[in-house]
Amino acid sequence: MKLNECREWLGVTCSGGFRPESQITLVVDHITEGGYDEVGKDDSAENVARYLKGRPDGSVQLIVDGDSAVRIMSDRQVACGVGSPGNAFTVHIEHCGFTGTKPSVWVKAHRATIQRGAWWTAWLLVKHDIAVKFDDVSDLKQGHRHGWTWHYDVALGIGGTTHTDTLKGSAFKLHSRYVEKYAAQFKRDGLPHIEFVG
């Protein structure tokens, strides 16, 4: 799948209703704490999407792995991604993998997942006219909620959740560089059109 291609399987069990897109001010990246694609099988994002569609206590807008993206909610729909109060103003992307994976392994073996997740993070930032700025725990505690962040930072900076999924070290830096690169490209050349595939 190209970076701008996405499967669209809309419909989730857990949702906080709908809101105007103007209320979206923060993109939250997550790690699924689930498996990577097996060689020759493109199914991690798809399997997570199937699981989250029926989960009564969790949902996100998008799930990515190394070679695919699956959208299960519109941006207008309030996801059950980080608890209250964060769900009201956030959109969410799950990256297939494990927080405990060493950064060097993420960078070497799962670079495509990092790249795809960063591409979608940048796309959402530009689409919703959100600052291309990482909001860490300190920023969030001070009330700055206009950028992108990780679930870990929301847990410690806003509350409402106890999850601590994030990329670390060189993997975090690579993701951040990709977000900045793609956001600058989208602002310069225009936001790419999303192609929905089977």
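Refer to the structure above for everything that follows.
By convention here, each chain's residues receive numbers from 1 onward along its written sequence. Two thresholds apply to this predicted model, a pLDDT of at least 70 for residue-level local features and 80 or more for giving and counting side-chain atom pairs, whereas whole-chain, interface and lining totals are computed over all residues. Each side-chain value is derived from all of the structure's non-hydrogen atoms; neither hydrogens nor water enter the calculation.

Caption draft 1: Focus on the overall build of the protein chain. Under the scheme used here, helices are H or I runs from DSSP no shorter than 4 residues and strands are E runs no shorter than 2 residues, and both carry numbers assigned from the N terminus. Tallying secondary structure elements over the protein chain gives six helices and seven strands in all. Listed N to C, the secondary structure of the protein chain is β-β-α-β-β-β-α-α-α-β-α-α-β in terms of helices and strands. The C-alpha radius of gyration of the protein chain comes to 15 Å, within 12% of the 16 Å expected for a compact globule of 198 residues. Projected onto the principal axes, the alpha-carbon positions of the protein chain cover approximately 45 × 35 × 35 Å. Three exposure classes are used, based on accessible area relative to the maximum for each residue type with a 1.4 Å probe and protein chains only: buried under 20%, partly exposed in between, and exposed over 50%. When the 198 residues of the protein chain are sorted by exposure, 53% land in the buried category. Contact criterion: two residues are considered in contact whenever any of their non-hydrogen atoms come within 4.5 Å of each other. Long-range pairs, those at least 24 residues apart, make up 71% of the contacts in the protein chain between residues at least 6 apart in sequence. Taking the average place of the 23 positive charges on the side chains of the protein chain and the average place of its 24 negative ones, the gap between the two points comes to 3 Å. We compute the radius of gyration over the C-alpha atoms and compare it with the globule rule, which gives 2.2 Å times the number of residues raised to the power 0.38. Charge convention: Lys and Arg are scored as positive, Asp and Glu as negative, and His as well as the terminal groups of each chain are ignored. Think of each charge as sitting on NZ of Lys, CZ of Arg, CG of Asp or CD of Glu.

Caption draft 2: Structural context of the nonpolar core. Only buried Ala, Val, Leu, Ile, Met, Phe, Trp, Tyr and Cys residues count toward a nonpolar core, and they belong to the same one when joined by side-chain atoms within 4.5 Å. Of all hydrophobic cores here, the largest spans 32 residues; its most connected members are Val27 and Trp120. For this core, the elements supplying multiple residues, two or more each, are strand 2 (26-31), strand 3 (62-64), strand 5 (90-95), helix 2 (103-109), helix 3 (111-127), strand 6 (147-150) and helix 6 (169-189). The element that contributes the greatest number of residues to this core is helix 3, accounting for nine residues. When near neighbours in sequence (up to four residues on either side) are disregarded, Val27 contacts Val91, Ile93, Thr121, Leu124, Leu125, Ile130, Gly147, Trp148 and Thr149. Counting residues in each nonpolar core, the second largest holds 12 residues, with Ile63, Val70, Ala79 and Cys96 among its members.

Caption draft 3: Expanded view of the sheet that holds strand 2. Any two strands with at least two DSSP bridges between them are considered paired. Taken in spatial order, the seven strands make up an open sheet running 6-2-5-3-4-1-7, and their pairing is mixed. Whereas interior strands pair on both sides, the edge strands pair on one side only; in this sheet they are strand 6 and strand 7 (195-197). Going from strand to strand, the sheet's axes swing by 30° on average, the running direction of each strand aside. Across three bridges, strand 3 lies against strand 5 in parallel orientation. Pairing of Ile63 across the sheet is with Glu94, part of strand 5. Axes here refer to lines fitted to C-alpha atoms; in helices the fit is confined to the stretch in contact. Angles between the N-to-C directions go from 0 to 180 degrees. Running over the sheet, helix 3 touches strand 1 (5-8), strand 2, strand 3, strand 4 (69-71), strand 5 and strand 6 and is turned about 170° from strand 5. Sheet contacts for helix 6: strand 2, strand 5 and strand 6; angle to strand 6, the most-contacted strand, approximately 160°.

Caption draft 4: Seen up close, the pairing of strand 6. Residues Gly147 and Thr149 point to one face of strand 6 and Trp148 and Trp150 to the other, with burial holding for every one of them. Bridge count for strand 2 against strand 6 is four bridges, and the pairing is parallel. Bridge pairing in strand 6 links Asp29 to Trp150.

Caption draft 5: Highlighting helix 6. Each helix should span, by expectation, one fewer than its residue count multiplied by 1.5 Å. Across its 21 residues, helix 6 extends 30 Å between first and last C-alpha, which sits within 8% of the 30 Å expected from 1.5 Å per residue. Restricting attention to buried positions, one finds in helix 6 the residues Ala171, Leu174, His175, Ser176, Tyr178, Val179, Tyr182, Ala183 and Phe186. In this structure, the buried residues of helix 6 make contact with strand 2, strand 5, helix 2, helix 3 and strand 6. Positioned one or two residues after helix 6, Gly190 has a phi angle of 100°, which is positive.

Caption draft 6: View of helix 3. With 17 residues, helix 3 should cover 24 Å at 1.5 Å per step; its first-to-last C-alpha distance of 24 Å lies within 8% of that length. One or two residues past the end of helix 3 sits Asp129, with phi positive at roughly 55°.

Caption draft 7: Broad picture of the state of the cysteines. Disulfides are defined as pairs of cysteine sulfur atoms found within 2.5 Å of each other. Using the criterion set out here, one finds one disulfide in the structure. In this model, Cys14 is linked to Cys80 through a disulfide, with the two sulfur atoms separated by 2.0 Å. Classification of the bridge connecting Cys14 and Cys80 rests on its S-S torsion, roughly -95°, and on that basis the disulfide is left-handed. Note that Cys14 is positioned in the loop between strand 1 and strand 2 and Cys80 in the loop between strand 4 and strand 5, a separation of 66 residues in sequence. Across the pair, exposure class does not vary: Cys14 and Cys80 are buried alike. Cys96 provides the cysteine sulfur closest to Cys6, a residue in no disulfide bond, and the two sulfurs are 13 Å apart. In this structure Cys96 comes out as buried when scored by relative accessible area, which is 1%.

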